[in-house]
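# An overview of the molecular structure
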Amino acid sequence: MSAHEPQQDGGGVGAGDDDLIVPSGVVSDRRRRVMIVVGLLRAGATSALLVLLYYVVPLDRESVSHLTLVLTIGLAAFAATAYWEVRAIVRSRYPGIRAIQALAMLVPFFLLLFASTYFMLSFQMPTTFNESLGRTDSLYFTVTTFATVGFGDIVPRTDAVRLLVTVQILLDLVILGLGIRVILGAIKKGRTGEL
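First things first, this report covers the structure right here in the doc.

Rules and cut-offs
- Residue positions are given per chain, counted from 1 along the sequence in the order it is written.
- The predicted origin of the model limits local features to residues at a pLDDT of at least 70 and limits the giving and counting of side-chain atom pairs to 80 or more, whereas totals for whole chains, interfaces and linings rest on all residues.
- Note that the side-chain values use all heavy atoms of the structure and ignore hydrogens as well as water.
- Put simply, a patch holds well-exposed residues, over 30% relative accessible area, that have no salt bridge, with like charges counted together within 9 Å and Val, Leu, Ile, Met, Phe, Trp or Tyr side chains within 5 Å.
- Residue-level accessible areas treat just the shown protein chains as cover; the underlying method is Shrake-Rupley with a 1.4 Å probe.
- One speaks of a salt bridge when a side-chain nitrogen belonging to Lys or Arg is within 4 Å of a carboxyl oxygen belonging to Asp or Glu.
- The helix and strand labels rest on DSSP assignments: H or I over at least four residues marks a helix, E over at least two residues marks a strand, and numbering proceeds from the N terminus.
- Only protein chains enter the area calculation, which uses a 1.4 Å probe; residues under 20% of their type maximum are buried, those over 50% are exposed, and those in between are partly exposed.
- Angles here are taken between N-to-C directions and fall from 0 to 180 degrees, while the axes themselves are lines fitted to C-alpha atoms, restricted in helices to the stretch in contact.
- In this scheme, roughly parallel covers angles under 35 degrees and roughly antiparallel covers those over 145, while 65 to 115 is roughly perpendicular and the rest are oblique.
- Two residues qualify as a contact provided that any one of their heavy atoms is within 4.5 Å of a heavy atom in the partner residue.
- Think of a 1 Å grid over the protein atoms and nothing else: a 1.4 Å probe that fits but is trapped marks a cavity, an open set flanked by protein within 12 Å on at least five of seven lines marks a pocket, and residues with an atom within 4 Å of a point count as lining.
- Grid points are joined across faces, edges and corners, and a volume is the space filled by probe spheres set on the points.
- Following the grouping adopted for this structure description, the nonpolar residues are Ala, Val, Leu, Ile, Met, Phe, Trp, Tyr, Cys and Pro, the charged ones are Asp, Glu, Lys and Arg, and the polar ones are all others, Gly among them.

As a further point, take a nonpolar patch on the surface. There is a patch of nonpolar side chains on the surface, built from Leu 49, Val 51, Leu 52, Leu 53, Tyr 55, Val 56 and Val 57 and spanning about 580 Å² of accessible area. One can find Leu 53 in helix H1 (residues 29-56). Of the residues examined, Leu 53 reaches a relative accessible area of 41% and is grouped as partly exposed.

See the structure below:
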C-alpha cells in the first residue's frame, strides 16, 4: 500500500476513519456545529454585555448639548464598527459565523445608542415624551420603533425629538435593507475568497 492510499483495515484512529478525511479548507459537520454554537454563545454574550452596560452606566448626568455630541460620536462609532465588521466577515475563514457575531454586536449597539439618547432626553427634559421614560421604557420604545410596530403608548411631544425619532426610523430602514444586504454580500465574498 502506498503512502497516499487510505487505510482499509481500520489501523488508524478507528475503523471507518478514512471517510472522515476531508480536503483542506472543508470543515467536518461536527466541527461546523461546534463553531456555530461557539459563535452563537459569543454573540449572546456580546449582546448581554451591551445590555448590562446600558443598565449600569450612569446616563442621568449629561446635558442636552453634550447628548447631541455623544449621539453624533456614537453614530460615527457605529458606522466605523459596521465597516470594520464587514471587512472582518469578508476576511474570515467562516464568514457566516462571523456575520452572526457582527449582527449580535451591531444591532444591540445601535438600539442601545438610541435608547440611551431617549432616556437622557427624558431625564433632562421630562416633557419630550408623553411620559417620563426609564431605561426599560426607552429600550422598549427604541425596539418598537426599530421593528416598525409603534404601539403609540410612548409618543414624542417636541418637534426636535420627533425629528430624532424620524432619523432613527430612516437609519432603521438603512440597517434593515442595505446593512443586511452588505453583510450577505460580505458572506458571499468571504466564501468565494475574493477580497
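Angle between the axes and distance between the axes are the two parameters that describe a pair of packed helices. Packing of H1 against helix H3 (residues 95-124) brings their axes to within 9 Å, and their N-to-C directions diverge by 10°. When the interaxial angle is binned, H1 and H3 end up roughly parallel. Residues Met 35, Ile 36, Gly 39, Leu 40, Arg 42, Ala 43, Thr 46, Ser 47, Leu 50, Val 51 and Tyr 54 of H1 lie in contact with H3, whose contacting residues are Ile 97, Ile 100, Gln 101, Ala 104, Met 105, Pro 108, Phe 109, Leu 112, Ala 115, Ser 116 and Phe 119.

To continue, consider the layout of surface pockets. Roughly 400 Å³ of volume is contained in the largest pocket. For the lining of the largest pocket, the secondary-structure elements that each account for two or more residues are H1, helix H2 (64-91) and H3. A class-by-class count of the residues in the lining of the largest pocket yields 13 nonpolar, three polar and one charged. If you go around the second largest pocket, you meet 17 residues; those closest to its centre are Phe 78, Ala 82, Val 174, Ile 175 and Gly 179. For the lining of the second largest pocket, the element with the most residues is helix H5 (residues 159-192), which contributes eight residues. Looking at the lining of the second largest pocket, its residues break down into 16 nonpolar, one polar and no charged.

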